[in-house]
Amino acid sequence: MKTPIPDYLEEVLAELRDVDDGATADYIPELASADPDRSALAITSADGSTYSAGDAEVAFTIQSISKPFAYAAAIMDRGLDGVLEVVGVEPSGEAFDELSLEGETHRPKNPMINAGAITAHALLVGPTTTAADRVERIRSLCSRLAGRELAVDERVAASELETADRNLAIAHMLRTYGIVDDPAHELVEGYVRQCALLVTVEDLSMMAATLAAGGVQPRTGEQLMPPEVARQVMAVMAAAGMYDAAGDWLTRVGIPAKSGVAGGMVGVLPDRAGISAFSPRLDARGNSVRGRMAFERLSADMGMHLFAADRGLPDRVELDDDGTAATLVLRGTVEFTAAAQLLDLMATLRRDTVLLDVSRVHTVSDVGRRMTLEGLRRLRLDGVRVQLHDPGEVLPDPDLGDGGRPERR
Ligand SMILES: NC(=O)CC[C@H](N)C(=O)O
């Protein structure tokens, strides 16, 4: 069998295919000409499995999604206190490119709006750094987070620089209050090149999954930032990642997220997954229209709202295999992560008989149940004899779609 998660992501995208509200960003000429119909989704679980659908191979510029990662790098390079001295953590309730600072301190309100992001960029590496070293710092960190070498799209960077009056105004404003010292043009050029890093949805989901896993890149196992830094970044994303839509987003979708004007979007679910979407048409606030709708659907379907308190103990799955028959043992609470692991195991097993043992499971979420039954259904379609050991009835009425049931053991 084949794991059904990409099929599900395809289905979410298919449902959004006719949505053509919004428009590509027009203040950066190179972005205005992007193909607006592209769309893609990806999820990387906290254990490093990536599932994607749609135009997953298309690269686009990271734009503002670089901000949380540059903030992480600035904290690692200067310490949290050093960063908090010049950039706050309060939601601004304003547009991303607003020329605004806190009243008394003159700090930018948070690192997710441009004023705070340009300041965080200025903090990279150390006080006597060159512009090129700052860009290399963020490029190399993002590359290690994504698990492959990322490059700057110099055409997009050059195009944005031609129309960068607003960001230049922000940098000059920051200089007048002594928040940054470097020449405004140099800072904006570096920041714009940071925003022009080319990524795919799979890269973004892996970068987000690293935050979700407390700074450990789930595929390489490398600790790329201390857990406290990952936590700080995710908390600021929750407070301010969606700019002036942050409160609406956090209550409705419940996934700390960050969007970019090229149409990308990432979300983080601590201990669970990194999620990403791509679709270039933006709403008035600069967030991808289809991306927003895809996140709403994923959150609702998969029970991903951060404040839905129904998770219980961490879940897991184990395999007991004697060569002809395999027993899959689920434990704890079964929601997306354990069910995705279960489906991955089912997809690689080549056995005549598969017994699913749920005797040690205490709760199965709705998404856990649907994913588990779909896996059993697909195994049976492949001609596998499927059996279920469920003395506690945690999977009541296990209909495999066609009215059939697994054999009871
Ligand atoms: N929201 C965004 O993605 C904005 C990023 C863009 N480079 C800018 O600074 O205007």
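Preceding this section is the structure that the text describes.
Here's a quick rundown of the structure. (Residues numbered from 1 in each chain as written. Predicted model: local features only at pLDDT ≥ 70, side-chain atom pairs only at ≥ 80, totals over all residues. Heavy atoms only, no water.)

What to know about empty space enclosed by the protein
Line of reasoning, step 1. Scanning the model with the defined rule gives 3 cavities of 30 Å³ or more in all.
Line of reasoning, step 2. Estimates place the volume of the largest cavity at around 50 Å³.
Line of reasoning, step 3. Taken together, Tyr27, Gln63, Ser64, Phe96, Asn114, Glu160, Asn167, Tyr191, Cys195 and Val261 make up the lining of the largest cavity.
Line of reasoning, step 4. Tallied by class, the residues present in the lining of the largest cavity amount to 5 nonpolar, 4 polar and 1 charged. (1 Å grid on protein atoms, 1.4 Å probe; cavity = no way out; pocket = protein on both sides within 12 Å on 5 of 7 lines; lining within 4 Å. Points joined across faces, edges and corners; volume = space filled by probe spheres on them. Nonpolar A, V, L, I, M, F, W, Y, C, P; charged D, E, K, R; others polar.)

Here's the deal with the sheet that holds strand S12 (residues 407-408)
Line of reasoning, step 1. Overall, mixed pairing links the 5 strands, which are arranged S8-S9-S10-S11-S12 in an open sheet. One side of each edge strand has no neighbouring strand; the edge strands of this open sheet are strand S8 (316-321) and S12.
Line of reasoning, step 2. In this sheet, strand S9 (residues 325-334) lies alongside S8 in antiparallel orientation, the contact comprising 6 bridges. Bridging across to S9, Glu318 finds its partner in Val329.
Line of reasoning, step 3. Here helix H15 (residues 366-381) sits on the sheet and contacts S9, strand S10 (353-364) and strand S11 (385-389); the angle it forms with S10, its principal contact strand, is near 175°. (Pairing = 2+ DSSP bridges. Helix = DSSP H or I, 4+ residues; strand = E, 2+ residues; numbered from the N terminus. Contact = heavy atoms within 4.5 Å. Axes fitted to C-alpha atoms, helices over the stretch in contact; angles between N-to-C directions.)

With respect to the site of the ligand
Line of reasoning, step 1. All residues adjacent to the ligand are Tyr27, Gln63, Ser64, Phe96, Asn114, Glu160, Asn167, Tyr191, Cys195, Tyr243, Gly260 and Val261.
Line of reasoning, step 2. Contacts to the ligand include Asn167, whose side-chain N or O atom sits 3.0 Å from an oxygen atom.
Line of reasoning, step 3. The separation between an oxygen atom of the ligand and a polar side-chain atom of Tyr191 is 2.8 Å.
Line of reasoning, step 4. In isolation the ligand offers 300 Å² of accessible surface; the protein chains occlude 99% of this area.
Line of reasoning, step 5. When atom positions are compared with the pocket grids, the ligand is found to occupy the largest cavity.
Line of reasoning, step 6. When the residues that make up the shell around the ligand are grouped by side-chain class, the tally is 6 nonpolar, 5 polar and 1 charged. (Near = heavy atom within 4 Å. Polar contact = N/O pair within 3.5 Å; in protein donor to acceptor, adjacent residues only side chain to side chain. Areas by Shrake-Rupley, 256 points an atom, 1.4 Å probe, with all protein chains shown as cover. Sits in = over half its atoms within 2 Å of the grid points.)

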